[in-house]
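Geometric and topological summary
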Amino acid sequence: MSSPKVAAFRKTTFNSAHKLYRKDWSDEKNKEVFGLCANEHYHGHNYRLDVKVVGEIDPETGYVIDLKLLNDLIENEVKERFDHKNLNLDCPEFKDLNPTGENIVVVIHNLLRAKLSTKYELQVRLWETERNYFEYPV
Ligand code: NI
């Protein structure tokens, strides 16, 4: 008989700068499509990240996942990589990928997914502002 499946969540925050633009577009076209987000000298966001891990309760520990280990994973894979960084300039992940909320949430999901046991389902939600957030996978 299998154990009940439960979702465990861990939240974190990180601060990063970015701008939205395509190198292969003119300044005018970037401004037209991305507006203020294309401002040449970058701008910052206080990102919030909600990581959701779904799995069966381990009958031995009563845990789905040790949240200390999940937190270490998020610290190592996300915070160290992106906190207090310029996503466009400092982070190879976004060298040729526009650092929109959509792209950031997919990048973060894939970084965590690569290090997390396949016995877990993983879903990531990234808050760019109080009102704008992105989720992957859907
Ligand atoms: Ni922005």
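Residues numbered from 1 in each chain as written. Predicted model: local features only at pLDDT ≥ 70, side-chain atom pairs only at ≥ 80, totals over all residues. Heavy atoms only, no water.

1. Comments concerning the sheet that holds strand β5 (residues 133-136)
An order of β3-β1-β2-β4-β5 is seen for the five strands of this open sheet, with the pairing classed as mixed. Single-partner strands in this sheet number two, and they are β3 (85-86) and β5. Bridge count between strand β4 (residues 121-127) and β5: four bridges; the pairing is antiparallel. Bridging from a neighbouring strand, L126 pairs with F134 of β5. The strands touched by helix α2 (residues 67-82) are β1 (5-18), β2 (43-56) and β3; relative to β1, the strand with the most contacts, the crossing angle is about 20°. On top of the sheet, helix α4 (residues 101-115) reaches β1, β2, β4 and β5; it is set at about 145° to β4, its chief contact. (Pairing = 2+ DSSP bridges. Helix = DSSP H or I, 4+ residues; strand = E, 2+ residues; numbered from the N terminus. Contact = heavy atoms within 4.5 Å. Axes fitted to C-alpha atoms, helices over the stretch in contact; angles between N-to-C directions.)

2. Overview of unusual backbone geometry
A cis amide bond links Y136 to the next residue, P137, at an omega of -10°. As for its placement among the helices and strands, P137 is situated in the segment after β5. Backbone geometry places Y42, a non-glycine residue, at a positive phi of 70°. Its location among the elements puts Y42 in the loop between α1 (27-34) and β2. Using a relative accessible area of 24% as the deciding quantity, one classes Y42 as partly exposed. Of note, the phi angle at H84 is positive, near 60°, even though the residue is not glycine. Using a relative accessible area of 62% as the deciding quantity, one classes H84 as exposed. (Buried < 20%, exposed > 50% of the residue type's maximum accessible area, 1.4 Å probe, protein only.)

3. Some points on the coordination of the nickel ion
Each pair of donors in an ideal four-coordinate tetrahedral metal site encloses 109.5 degrees, whereas pairs in an ideal six-coordinate octahedral site enclose 90 or 180 degrees. Coordination sphere of the nickel ion, protein contribution only: H18 (NE2), H43 (NE2) and H45 (NE2), at 2.0 to 2.1 Å. Sequence spacing of the donors to the nickel ion: H-x24-H-x1-H. Here the residue H18 occupies a position in strand β1, and H45 occupies one in strand β2, the gap between them amounting to 27 residues. With relative accessibility at 14%, the residue H45 sits in the buried group. (Donors = N, O, S within 2.8 Å, 3.2 Å for Na, K, Ca; no water.)

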